[in-house]
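The chain contents come next:
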Amino acid sequence: MKNTIVLICLLFSISGCFGQKKLSQVNLSSNLLEEIDPTSIPDIKAYQTEKFKQPKSKFKSDIKLRSNEYNRPYKLRGSDDIIMITSRLYEGAIENWDKDVKTAIEMFTPLYEGTDRYIEYIEGSGFRSAIFFTKDYKLGNTNYISYINKKIGIVLWITYISNSSDEVKIDNMRRIINNLRIE
């Protein structure tokens, strides 16, 4: 009996540390996103070569499209843009979100002479997000969104692959965030 009580207390303390939810534990919906089977795009670089006829960047994104309890790939309806949504589950992801966003901005939006970062924070009903990428980036076409919903207990990392202009990407990313429903 004593061991059972200790085990139950241990499980509750562990679940408190890792209170973040996986994608498989929530219902994510958006009328802007169309979930895709990752096998429909077996080679993401070849897909970009085919779909992005006049590439704005030198290098193509090489993310792995996966569909499992942590990841889901999508296409933006009416476009060839790819969105990969991943739940973040490391300890402290919710508590340290602001710090993690600042670190991610530094890591994933490189600057070189003549470039600037685009950073926008969006707050909505129960959520916060940060959109960030390097403006007019000629080396890659990957853009990022970090999303947190403390009420539901989820942190998402959204990778957005697009060949569109910065203005179109910004508008699409705002629309994705504001249209995203998680229950």
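**As for the pattern of salt bridges**
Line of reasoning, step 1. As enumerated under the stated definition, the model contains 8 salt bridges in all.
Line of reasoning, step 2. The residue D98 makes a salt bridge to R128 at a minimum N-O spacing of 2.9 Å. Taken together, the residues D98 in helix α3 (residues 97-108) and R128 in strand β6 (residues 127-134) connect sequence positions 30 residues apart.
Line of reasoning, step 3. A relative accessible area of 39% places D98 in the partly exposed class.
Line of reasoning, step 4. Classification of R128 as partly exposed rests on a relative accessible area of 26%.
Line of reasoning, step 5. As a salt-bridge pair, E106 and R117 come within 3.5 Å of each other at their nearest N and O atoms. With a gap of 11 residues between them, E106 in helix α3 and R117 in strand β5 (residues 117-124) connect regions that are remote in the sequence.
Line of reasoning, step 6. For R117, a relative accessible area of 23% translates into the label partly exposed.
Line of reasoning, step 7. Because the salt bridges share partners, they merge into one network encompassing D98, E123 and R128.

**Thoughts on the nonpolar core**
Line of reasoning, step 1. Core analysis: the largest hydrophobic core is formed by 27 residues, its most contacted members being I83, I85, L156, I158 and I182.
Line of reasoning, step 2. Counting only elements with at least two residues in this core, the list comes to β3 (71-76), β4 (82-87), β5, β6, β7 (142-149), β8 (154-161) and α4 (166-179).
Line of reasoning, step 3. Excluding its chain neighbours within four sequence positions, the residues that come into contact with I182 are V26, N27, L28, Y147, I152, I154 and L156.
Line of reasoning, step 4. In this structure, A93, W97, A130 and F132 belong to the second largest nonpolar core, which totals 12 residues.

**Structural notes on the sheet that holds strand β2 (residues 33-35)**
Line of reasoning, step 1. Taken together, the 7 strands give an open sheet; going across it, the order is β2-β3-β4-β8-β7-β6-β5, and neighbouring strands pair in antiparallel fashion. Each having just a single partner strand, β2 and β5 make up the two edges of the open sheet. When the angles between neighbouring strand axes are averaged without regard to direction, this sheet yields 25 degrees.
Line of reasoning, step 2. Two strands pair when backbone bridges link them, and β7 and β8 are joined in this way by 8 bridges, in the antiparallel orientation. Directly across from Y147, in β8, lies its bridge partner L156.
Line of reasoning, step 3. Contacts between α3 and the sheet are confined to β5, β6, β7 and β8, with β6 contributing the most and set at about 15 degrees to the helix.

**Things to note about the pairing of β3**
Line of reasoning, step 1. Within β3, 6 of the 6 residues are buried, which leaves it mostly tucked inside the rest of the structure.
Line of reasoning, step 2. Burial along β3 is two-sided: the residues N71, P73 and K75 and R72, Y74 and L76 are all buried.
Line of reasoning, step 3. Two strands pair when backbone bridges link them, and β2 and β3 are joined in this way by 3 bridges, in the antiparallel orientation. Directly across from E35, in β3, lies its bridge partner Y74.
Line of reasoning, step 4. In this sheet, β4 lies alongside β3 in antiparallel orientation, the contact comprising 5 bridges.

**With respect to the packing of aromatic side chains**
Line of reasoning, step 1. Tallied over the full model, the rule gives 7 aromatic pairs.
Line of reasoning, step 2. Measuring from centroid to centroid gives 5.1 Å for F108 and Y144, while their planes differ by 45 degrees, and the two rings are tilted. Within this pair, whereas F108 is found in helix α3, its partner Y144 is found in strand β7, the two being separated by 36 residues in sequence.
Line of reasoning, step 3. In textbook terms, an aromatic cluster arises when at least three aromatic residues are bridged by ring pairs, as seen for F108, F132, Y144 and W157.

What counts, and where the lines are drawn
- All residue numbers refer to position in the chain's written sequence, counted from 1.
- Reporting in this predicted model follows two pLDDT cut-offs: at least 70 for local features of residues, and 80 or more for side-chain atom pairs to be given and counted; totals over whole chains, interfaces and linings ignore these cut-offs and use all residues.
- With hydrogens and water excluded, all non-hydrogen atoms of the structure serve as input to the side-chain values.
- Any Lys or Arg side-chain nitrogen located within 4 Å of an Asp or Glu carboxyl oxygen qualifies as a salt bridge.
- A run of H or I in DSSP counts as a helix once it spans at least four residues, and a run of E counts as a strand once it spans at least two, with each numbered from the N terminus.
- Remark: exposure states derive from per-residue accessible area (1.4 Å probe, protein chains only) relative to the maximum for the residue type, with buried under 20%, exposed over 50%, and partly exposed in between.
- Only buried residues count toward a nonpolar core, which is a set of Ala, Val, Leu, Ile, Met, Phe, Trp, Tyr and Cys residues joined through side-chain atoms within 4.5 Å.
- Whether two residues are in contact is decided by their heavy atoms: any pair within 4.5 Å suffices.
- Whether two strands pair comes down to DSSP finding at least two bridges between them.
- Geometry is summarised by axes, namely lines fitted to C-alpha atoms with helices restricted to the contacting stretch, and by angles between N-to-C directions that run from 0 to 180 degrees.
- Working definition: a ring pair exists when centres of Phe, Tyr or Trp rings (six-membered ring for Trp) sit within 6.5 Å. Plane angles under 30 degrees give stacked, over 60 give edge-to-face, the rest tilted.

Shape descriptors only; they carry no functional weight alone.
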